[in-house]
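Spelled out, the chains give:
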Amino acid sequence: MQISDIADKNAPYWWEHAAVKPLPQQALDQQIDVAIVGAGYAGLAAGLVLARAGRSVLALDAMNPGEGASSRNGGITSGNIRPAHDAIAKRFGEDTAAAIEAEGKVARDFLEDLISTEQLDCDYQKTGLFSGAVGFDQYDNMARRADKLAKNLGIESYAVPHGEQQQYVGSDFYRGGTVRMDIGGLHPARFHNELLRVAVEAGLGVHSNTPATAIQQEHDGFRVTTPRGNIKAQKVLVCTNGYTNGATPYLRRRLIPVRSRMIATEELPADVMARLMPKGMMMGEGLKMGYYYRPSPDGKRILLGGRDGSVKGDPAEPVAVLRNGLISRFAELENVRLSHTWFGNVAMNRDLLPRIFERDGILYATGFCGSGTVWAPWTGTRAAYKLLGNKELGNSAFDFRPPAAVPLYRGKPWFIPAVIQGYRLQDFITLRRARR
Ligand SMILES: Cc1cc2nc3c(=O)[nH]c(=O)nc-3n(C[C@H](O)[C@H](O)[C@H](O)COP(=O)(O)OP(=O)(O)OC[C@H]3O[C@@H](n4cnc5c(N)ncnc54)[C@H](O)[C@@H]3O)c2cc1C
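In this report, the structure presented in the accompanying data block is examined. If you're wondering where the values come from, they're calculated on a predicted model, not measured in any experiment.

### A look at the overall build of the chain
Next, step 1: Counting secondary structure elements, the chain contains 11 helices and 17 strands.
Next, step 2: What you see for the chain is a C-alpha radius of gyration of 21 Å, in line with the 22 Å of a compact globule of 436 residues.
Next, step 3: Each of the three principal axes of the chain carries a C-alpha extent, and together these read 65 × 50 × 45 Å.
Next, step 4: Considering only residue pairs separated by 6 or more positions, the chain has 75% of its internal contacts joining residues 24 or more positions apart.
Next, step 5: Here the chain displays about 18800 Å² of accessible surface, and carbon together with sulfur accounts for 49% of that area.
Next, step 6: Charge-centre separation for the chain: the mean point of 53 positive side chains lies 6 Å from the mean point of 45 negative side chains.

Following this line, the structure appears as structure tokens:
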């Protein structure tokens with residue numbers, strides 16, 4: 001099967017409205033205060049703060065700015081943390097677990113505030129997120145968690161029993177679910193474009209197609225090598241997440257790039273959209289390899305994403321998996337045509353927690369584990385304040401020891417297809433048990 005048999009375009013739907021493109025090439029400054037590597041959400045958010053604080057600052061990007069995950073994602077402002085509270089508490093202590101949970105709320109508020117204060121035109125809507133339970137036991141657990149979230153953090157969150165689920169999703173796939181109203185959706189490429197606009201206006205120099213190929217510490221700062229010349233920077237911040245490469249070998253051993261893929265349906269009739277996604281919420285589900293999906297900002301299509309499972313090769317097979325996922329949730333879409341499919345890299349680390357950390361004088365803000373729409377601008381901003389020496393605003397629960405290196409890993413994630421197959425098998429068993 002060819003990709004063109006399944007989808008019209010092998011490119012992000014989002015790029016129809018906000019293309020990623022190279023910026024006019026400017027001369028590279030030779031001597032600056034801060035060099036940022038990576039011009040996605042994290043790098044730009046950091047650059048905005050630093051430029052406004054009067055620092056001379058550049059963001060280098062190996063591709064066009066935004067061409068990494070920041071213009072390709074689902075735009076769901078979840079600020080999700082993968083490990084459960086108890087697992088974090090066991091590993092890092094109760095205080096860290098509580099601080100991380102609380103920071104999610106602050107970071108989501110921060111994003112909303114950033115969008116409104118800077119007037120970023122990015123289709124942001126706080127729609128709420130419905131998480132579907134795949135079995136009744138899972139529903140009970142999720143309902144308890146929703147209750148805790150409301151009590152402990154004052155977040156509007158509640159359980160939706162199976163009998164009421166059709167008000168939220170026109171599917172019988174779930175056995176009830178939960179809603180949290182502090183999450184919404186934005187247009188990721190527009191958000192990136194707008195962040196780029198305000199950062200450049202503030203004085204951030206952004207250089208597309210300018211990879212940092214090496215970063216060396218010298219007696220009075222750092223030398224950043226690029227094919228367009230060298231830069232001398234007092235400080236360096238690395239924000240390369242799922243696109244990390246050999247320029248930062250220490251980070252590369254700690255982050256595993258994983259392909260995340262999305263599909264977009266052709267435009268659907270208004271009555272179908274109203275039946276399948278009655279409240280226009282963002283959607284998630286309680287499976288290891290579960291899908292996330294949402295209506296497009298104009299409410300005319302469904303965009304669905306999940307792990308791709310491949311590291312190279314023809315995209316037709318992973319697209320077919322996603323399409324089957326869509327149809328198993330919404331049988332009436334059996335004959336629907338896909339208009340777009342695309343993938344980008346997310347970055348996983350061993351403990352599945354985002355991080356700000358310093359090593360050999362270089363600061364890193366990365367490791368968003370598939371949920372960087374909230375975490376990347378947030379940690380980028382905290383990292384910038386840390387570089388400015390602002391202890392209060394530079395403070396973050398994610399600022400602690402670096403994630404551990406991944407054994408036997410030097411940059412080629414050969415084991416990903418096997419891991420994904422393992423997770424799919426676990427999900428298969430979970431579903432079988434839940435539906436018995
Ligand atoms: C398909 C998909 C769906 C997703 N859906 C969601 C979602 O719904 N909600 C959510 O919260 N998150 C989602 N994510 C994750 C989210 O997009 C990312 O976590 C976030 O965009 C990371 O931003 P970033 O700035 O850290 O990195 P990126 O945007 O990935 O930018 C990193 C940049 O670093 C550059 N770079 C790398 N190495 C070098 C170098 N040596 N020199 C110069 N530049 C370099 C790259 O070119 C790249 O542009 C999704 C991701 C994907 C791929």
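### Considerations on the site of the ligand
Next, step 1: Of all residues adjacent to the ligand, which total 38 residues, the nearest are D61, S70, G74, I76 and A212.
Next, step 2: For the ligand, an oxygen atom lies 2.6 Å from a polar atom in the side chain of D61.
Next, step 3: Within the backbone of I76, an N or O atom sits 2.8 Å from a nitrogen atom of the ligand.
Next, step 4: When the ligand is considered free in solution it has 1000 Å² of accessible area, and contact with the protein chains removes 98% of it.
Next, step 5: Split by residue class, the shell around the ligand holds 18 nonpolar, 18 polar and 2 charged.

### Things to note about the nonpolar core
Next, step 1: Core analysis: the largest hydrophobic core is formed by 51 residues, its most contacted members being I36, F191, L195, L204, L237 and W375.
Next, step 2: Elements supplying a minimum of two residues to this core: β2 (31-37), α2 (41-52), β3 (57-60), α3 (85-92), α4 (94-117), α6 (188-202), β17 (362-366) and α10 (372-387).
Next, step 3: Once residues lying within four places of it in the same chain are set aside, the contact partners of L237 are A35, I36, V37, A46, L363, Y364, A365, A383 and L387.
Next, step 4: Within the second largest apolar cluster, 33 residues are counted, among which are M273, M283, V319 and F330.

### Concerning the side chain of D61
Next, step 1: Tracing the backbone through its elements, the reader meets D61 in the loop between β3 and α3.
Next, step 2: Discounting residues that sit within four places of it in the chain, D61 has contacts with G38, A39, G40, H207, S208, N209, T210 and P211.

### Remarks on unusual backbone geometry
Next, step 1: The backbone of D123 shows a phi angle near 55 degrees, a positive value even though the residue is not glycine.
Next, step 2: Summarising the element assignment, D123 is placed in the loop between α4 and β4 (129-132).
Next, step 3: Classification of D123 as partly exposed rests on a relative accessible area of 26%.

### Some remarks on empty space enclosed by the protein
Next, step 1: Per the counting criterion, the structure on display carries 1 cavity of 30 Å³ or more.
Next, step 2: Put simply, the largest cavity is a space of about 30 Å³.
Next, step 3: Looking at the largest cavity, the residues that line it are V37, A212, I215, T240, T244, N245, A247 and T248.

### Observations regarding the packing of aromatic side chains
Next, step 1: For the structure on display, the rule yields 14 aromatic pairs.
Next, step 2: With centroids separated by 4.9 Å and ring planes inclined at 55 degrees, the aromatic side chains of Y41 and F191 adopt a geometry described as tilted. With a gap of 150 residues between them, Y41 in helix α2 and F191 in helix α6 connect regions that are remote in the sequence.
Next, step 3: Measuring from centroid to centroid gives 4.7 Å for W375 and F398, while their planes differ by 65 degrees, and the two rings are edge-to-face. Of this pair, W375 sits in helix α10 while F398 sits in the loop between α10 and α11 (416-434), and the two are 23 residues apart along the sequence. Each of the two residues, W375 as well as F398, counts as buried.
Next, step 4: The residue whose ring lies beneath R254 is Y250, and the NZ or CZ to ring-centre distance is 3.7 Å.

Definitions and cut-offs
- Residues numbered from 1 in each chain as written.
- Predicted model: local features only at pLDDT ≥ 70, side-chain atom pairs only at ≥ 80, totals over all residues.
- Heavy atoms only, no water.
- Helix = DSSP H or I, 4+ residues; strand = E, 2+ residues; numbered from the N terminus.
- Rg over C-alpha atoms; globule rule 2.2 N^0.38 Å.
- Contact = heavy atoms within 4.5 Å.
- Areas by Shrake-Rupley, 256 points an atom, 1.4 Å probe, with all protein chains shown as cover.
- Lys, Arg positive; Asp, Glu negative; His and termini not counted.
- Charge placed at Lys NZ, Arg CZ, Asp CG, Glu CD.
- Near = heavy atom within 4 Å.
- Polar contact = N/O pair within 3.5 Å; in protein donor to acceptor, adjacent residues only side chain to side chain.
- Nonpolar A, V, L, I, M, F, W, Y, C, P; charged D, E, K, R; others polar.
- Core = buried A, V, L, I, M, F, W, Y, C linked by side-chain atoms within 4.5 Å.
- Buried < 20%, exposed > 50% of the residue type's maximum accessible area, 1.4 Å probe, protein only.
- 1 Å grid on protein atoms, 1.4 Å probe; cavity = no way out; pocket = protein on both sides within 12 Å on 5 of 7 lines; lining within 4 Å.
- Points joined across faces, edges and corners; volume = space filled by probe spheres on them.
- Phe/Tyr/Trp six-rings, centres within 6.5 Å; stacked < 30°, edge-to-face > 60°.
- Lys NZ or Arg CZ within 6 Å of the ring centre and 35° of its normal.

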